[in-house]
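# Structural characterization, general
Chain by chain, the residues run as shown.
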Protein chains: 2
Amino acid sequence: MDSANKILLYDTTLRDGAQREGISLSLEDKIKIARKLDDLGIPFIEGGWPGANPRDVQFFWKLQEEPLKHSELVAFCSTRRPNGVAAQDKMLQAILAAGTRWVTIFGKSWDLHVLEGIQTTLEENLAMIRDTIEYLISQGRRVIYDAEHWFDGYKKNPVYALQTLETALKAGAEWLVFCDTNGGTLPHEISQIVQEVVTALNIIPDDPSSPKLGIHTHNDSGLAVANSLAAVVEGVRMVQGTMNGYGERCGNANLCTVIPNLQLKMGYQCLDESELIQLTQTSRLISEIVNLAPDEHAPFVGRSAFAHKGGIHVSAVAKNPFTYEHIKPEAIGNQRRIVISDQSGLSNVLSKAGHFGIDLNKNDPTCRQILERLKTLESEGYQFEAAEASFELLMREALGQRQELFELKGFRVHCDMLQSVEMSCSNAVATIKVRVDGVELLEVAEGNGPVSALDMALRKALVKFYPEIANFHLIDYKVRILDSGAGTSAKTRVLVESSNGQNHWTTVGVSPNILDASYQAVVEGIEYGLLLKEVPSLAVVQS
Amino acid sequence: MDSANKILLYDTTLRDGAQREGISLSLEDKIKIARKLDDLGIPFIEGGWPGANPRDVQFFWKLQEEPLKHSELVAFCSTRRPNGVAAQDKMLQAILAAGTRWVTIFGKSWDLHVLEGIQTTLEENLAMIRDTIEYLISQGRRVIYDAEHWFDGYKKNPVYALQTLETALKAGAEWLVFCDTNGGTLPHEISQIVQEVVTALNIIPDDPSSPKLGIHTHNDSGLAVANSLAAVVEGVRMVQGTMNGYGERCGNANLCTVIPNLQLKMGYQCLDESELIQLTQTSRLISEIVNLAPDEHAPFVGRSAFAHKGGIHVSAVAKNPFTYEHIKPEAIGNQRRIVISDQSGLSNVLSKAGHFGIDLNKNDPTCRQILERLKTLESEGYQFEAAEASFELLMREALGQRQELFELKGFRVHCDMLQSVEMSCSNAVATIKVRVDGVELLEVAEGNGPVSALDMALRKALVKFYPEIANFHLIDYKVRILDSGAGTSAKTRVLVESSNGQNHWTTVGVSPNILDASYQAVVEGIEYGLLLKEVPSLAVVQS
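What counts and what doesn't
- Residues numbered from 1 in each chain as written.
- Chains lettered and ligands numbered in written order.
- Predicted model: local features only at pLDDT ≥ 70, side-chain atom pairs only at ≥ 80, totals over all residues.
- UniProt positions renumbered as here; feature names shortened; annotations may be inferred.
- Helix = DSSP H or I, 4+ residues; strand = E, 2+ residues; numbered from the N terminus.
- Buried ≥ 20, exposed ≤ 12 C-beta atoms within 10 Å, placed from the backbone.
- Contact = placed C-beta atoms within 7 Å.
- Axes fitted to C-alpha atoms, helices over the stretch in contact; angles between N-to-C directions.
- Parallel < 35°, antiparallel > 145°, perpendicular 65-115°, else oblique.
- Left-handed = near helix turned anticlockwise from the far one by under 90°.
- Nonpolar A, V, L, I, M, F, W, Y, C, P; charged D, E, K, R; others polar.
- Domains from an automatic or database assignment.
- Pairing = 2+ DSSP bridges.
- Core = buried A, V, L, I, M, F, W, Y, C linked by C-beta atoms within 7 Å.

- An unreviewed UniProt entry annotates chain A as Citramalate synthase originating from Aphanothece hegewaldii CCALA 016.
- Quoted verbatim from the Sequence similarities (unreviewed entry) field of UniProt, the annotation for chain A is "Belongs to the alpha-IPM synthase/homocitrate synthase family."

### Details of the overall build of chain A
- What chain A contains, in helices and strands, is 18 helices and 17 strands.
- Principal-axis analysis of the C-alpha atoms places the extent of chain A at approximately 85 × 70 × 40 Å.
- In chain A, buried positions account for 51% of the 543 residues.
- Taking the contacts inside chain A whose residues are at least 6 apart along the sequence as the reference set, 68% of them involve residues at least 24 apart.

### Digging into the packing of helix H1 (residues 27-40) of chain A against helix H2 (residues 54-65) of chain A
All names here are of chain A.
- At a minimum axis distance of 10 Å, the contact between H1 and H2 shows a crossing angle of 45°. Compared by their axis directions, H1 and H2 come out oblique. Remark: the crossing between H1 and H2 carries right-handed chirality. Judged by residue contacts, Leu 27, Lys 30, Ile 31 and Ala 34 of H1 engage Arg 55, Gln 58, Phe 59, Lys 62 and Leu 63 from H2.
- In terms of residue class, the contact of H1 with H2 is built from five nonpolar, one polar and three charged.

### Description of the UniProt feature "domain: Pyruvate carboxyltransferase" (unreviewed entry) in chain A
- In the UniProt entry, the feature "domain: Pyruvate carboxyltransferase" (unreviewed entry) is given for residues 7-277 of chain A.
- Taken end to end, residues 7-277 of chain A has its terminal C-alpha atoms 17 Å apart, with 44% of it in helix and 17% in strand.

### Description of the domain arrangement of chain A
Residue and element names in this part refer to chain A.
- Each domain of chain A was delimited in the assignment, giving domain 1 (8-271), domain 2 (349-398) and domain 3 (407-542).
- If you look at the interface, domain 2 gives 15 residues, while domain 3 gives 15 residues.
- Put simply, the parts of the chain that give the side of domain 2 that touches domain 3 at least two residues each are helix H14 (342-356) and helix H16 (388-398).
- If one sorts the elements of the side of domain 2 that touches domain 3 by residue count, H16 sits on top with five residues.
- Broken down by class, the residue content of the side of domain 2 that touches domain 3 amounts to seven nonpolar, five polar and three charged.

### Considering the sheet that holds strand S3 (residues 72-78) of chain A
Residue and element names in this part refer to chain A.
- The strand order around the closed barrel built from eight strands is S1-S2-S3-S4-S5-S6-S7-S8, with neighbouring strands paired in parallel fashion. On average, adjacent strands in this sheet sit at an angle of 25° to one another, irrespective of strand direction.
- Sheet topology note: the strand S2 (residues 44-48)/S3 ladder contains four bridges and is parallel. Each bridged residue has a counterpart across the sheet, and for Ile 45 the counterpart in S3 is Leu 73.
- Contacts from helix H9 (residues 224-233) reach strand S6 (175-180), strand S7 (212-217) and strand S8 (238-241) within the one sheet, and its direction differs from that of S7 by about 170°.

### Some words on the interface of chain A and chain B
- Taken together, the 89 residues of chain A in the interface contact 90 residues of chain B.
- Among the residues making up the side of chain A that touches chain B, the classes are represented as 35 nonpolar, 38 polar and 16 charged.
- Pairing of strand S11 (residues 407-416) of chain A with strand S11 (residues 407-416) of chain B involves five bridges; the strand directions are antiparallel. Counterpart to Val 413 of chain A in the pairing with S11 of chain B is Cys 415 of chain B.

### Comments concerning helix H12 (residues 279-289) of chain B
- Residues of H12 of chain B that are buried include every one of Leu 279, Thr 280, Thr 282, Ser 283, Arg 284, Ile 286 and Ile 289 of chain B, and no others.
- Lining the buried residues of H12 of chain B we find helix H1 (27-40), helix H10 (255-265) and helix H11 (273-276) of chain B.

### Considering the environment of Val 434 of chain B
Residues and elements named next belong to chain B.
- Mapping Val 434 onto the fold places it in strand S12 (residues 427-436).
- Sequence-wise, Val 434 and Thr 181 are 253 residues apart; in three dimensions their C-alpha atoms are separated by 64 Å.
- Look past the residues within four positions of Val 434 in its chain and what remains in contact with it is Phe 406, Glu 407, Leu 408, Lys 409, Leu 441, Ala 461 and Leu 462.

### Description of the nonpolar core
- If you look at the biggest cluster of nonpolar residues, it comprises 196 residues, and the most contacted ones within it are Tyr 145, Val 177 and Phe 178 of chain A together with Tyr 145 and Val 177 of chain B.
- Leaving out residues up to four positions away in the same chain, Val 177 of chain A has contacts with Ile 144, Tyr 145, Asp 146, Ala 147, Gly 214, Ile 215, His 216, Met 238 and Gln 240 of chain A.
- Listed in part, the 102 residues of the second largest apolar core include Val 349 of chain A together with Leu 374, Leu 462 and Ile 481 of chain B.

### A look at the packing of helix H5 (residues 122-138) of chain B against helix H7 (residues 158-171) of chain B
Residues and elements named next belong to chain B.
- For the pair H5 and H7, interaxial distance at closest approach is 8 Å and the crossing angle is 25°. Considering the angle they form, H5 stands roughly parallel to H7. Judged by the twist between their axes, the crossing of H5 over H7 is right-handed. Contacts between H5 and H7 involve Leu 122, Leu 126, Ile 129, Arg 130, Ile 133 and Glu 134 from the former and Tyr 160, Gln 163, Thr 164, Thr 167, Ala 168 and Ala 171 from the latter.

### A look at the pairing of strand S16 (residues 503-511) of chain B
Residues and elements named next belong to chain B.
- Summarising burial for S16: eight of the nine residues are buried, a large majority.
- Pairing geometry for strand S15 (residues 492-499) and S16, over eight bridges, is antiparallel. From the neighbouring strand, Thr 492 faces S16, where its bridge partner is Ser 511.
- The antiparallel pairing of S15 with S16 creates a hairpin that spans three residues between the two strands, and Gly 501 there sits at a positive phi of about 95°.

Here's what the structure looks like:
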């Protein structure tokens, strides 16, 4: 800590965040998220509870092999079992094996949970806290102590609750973290209780020789962010939370909201400015990794957070942004957005054209044609925000700049689970008919499912004419059902991300037939890759 | 107001809420919402700005014909135009024509907005406030004054801001409402500024002869609820907000969060107990009417708000709900829910078994087998949180209680876009082979895509043996690519929700072949529906 107003962020997306219903992270997901948080500049990243499941064990191993650049990876674990010996507790051996410098130990603060939950004595609970922390420290670890149910426990029995903290402190914990585990505490209660603890333990915030405090809140009362801020005001210097507020029930404190409030409004230092402008992008990337639609209305980082409807707002914002914006959206990497009216639609098309290196004039009637086509396709379920390559093809087509590289006659897919029902892999065969340079060609391929067979057949046919296709590959494939209430007849939107090893680009397809939607997106992906050779454009991302 | 701790709720879902991107309310939608809010017991319902658009004019007419039962319907409008005469302002004539007893007038508090926004003098702005309110009162109306940009204005020029309030008060406004229009104010600032106004205007909260105060917050800092509560603590007695927090940008204060906090935790009186238990249902109905998916993670009213996942939690909640629940979910009409996941332990399995009506003992080795099977399947990408019917089938299978109703021999799907490439609808044909009661049967069907063809063929084959299948239908179909980085070979998870007209249930399938994954989920959906007849269970939701 270099300055008095420094806040140490502690991210628990990988543990508490993953408890959200609907989130199920693979090992690769967890590693991707950890690296993103490392890039963002989060000082502590809680990776999970090694030992509780095999994936978490592997996760810590993987990060031992290839450590994070800046962040401290933290292993999470409870105190030892009642009436046991810390050094013989298998759970703690798994923690040590995870090989992190820091460990977070959570223990009981609320007498009710000791007596009724884990059914031991109040004395034994103190011994569990003490032994566990002392043992980990004897093994060279640094310890953060999460006081579970702190506020509820303190309200019922403040004397005992304080004893648990004093025990943790004496055993060598460097941070004492107040957890509002049930999320039921109100901001004025947080302020008062933190104040009382600061007094009881003689804590001097920002004094290096004084114990350090943290806060960990849940959003069951819609107050997780407010509660975190209230605790910081009273001297807390570590804030635990998750990206996008993911977490069990109603979620944890949303770091994407906490950070800008602390840093841009309250004068605390959480991230470097250059890191803070990554916040919006990081939030959205993580929502992609966990495969949840980003919350468009999220404070600060949501797509609608700085959206203005036409009329008074727009002209006022143009004159003086602070009339209708509480912060500069650029500070956190977000942007002001004027909600589409016909006029701003045109300027969008123009600005996109410029981005693609296409010279387009506002008065050119093609400009309005493109807008109309765009609106029609979007009403059918296409979405071009994430599929700029498809949008560029659409634009070039309207301008007569879309060269016909091949003509597709159609496809057939056959998927047989009758003959191969006992095989673990099913057999799918795709046939494709294509016409290139006056030559008609029928090609067939099989795959590990119909979409993969289709993709293979298409490449096999076209590579004979365009050898560079051998370097193309699909790097991402996403499916979204648009009107899921329509059951299996629902419309499907497929996004395909392709790469040629140097660049990558995304295309879109929509159809009630998922194979047809996939086919559209795959075909445009290949066409766009071929176009790249001829007309270098900006709708690609350098890998 | 019958008691000192009474809070007057003011709902602006129909005006401020409707500004949310993606909401577009018809006249019928608005009427339905108003009647729902009336049933809930909201004292003030802001209906819109009559005159600003024809639909709002009609809305007020409709409610003149058939008035609300209890609630006061409120018309919303700005102060008169600069340099005009209130009695000749057409806008105000439209307000009077709306025929409400109460009118909310909003005016400028921030000198910057007066000078730069509407470009008039500070004096004229005061005259606009005074004239407008006096004129409406002369026409028999009661007035609520919304002080726009109150907190920003007060911070910059407190003297002028206070003059606007004093002007409104002197003109006869009964309520002065502090609006945090840009949503950028923090709770401690709200507390301080409200305190200063209370002192400056000699306000005695709950004294009938004293001016009355209100709060209207936006959620741009994620603090709209906390800010409303902070204002109430300082003596504010009207809270303006919207159902589900709908509103422009990041939304307004969410009344579904504000109400339980004020009433169940802070001791204020917002609704009768019998009304409060309607809160969850009203929240969900309104999300249906505005056609937005309910936020499952919303505080208090979300489907996940009282969902328990971790093993430890579940056993503790069973012993004493207050160990892990901050309020009784029943108080607001919500309910506790136990969730299945790979974090779950034996106690989750046991509790689910109880829920399904299955008698299972903790020491029964089957219990651990089920847990192991669950973990294996989840590591393969299955997810049972949302697919309880599949979980029940798995459990019954382990217990030898899964009767084999039919034996599937496999399927073939054929999708032809070669012959029908010009058709807007593609042709898919599915063949299915099934064995029931020793009889082997081959059946074929076509559909609007391969999954729909598969579903049709399966039903066609089985309905001959189980006629009740004719009543089954799919009501939802969701697809997720699990390892999207693997491209078109990625594993696919399909969730299918089925209904028999009375109940609905969800099943899951996973495979690298999307048709196979869909097939698994559809088959289990049918099997579960048939099982329902034999063993009534709780993994279904009454429609």
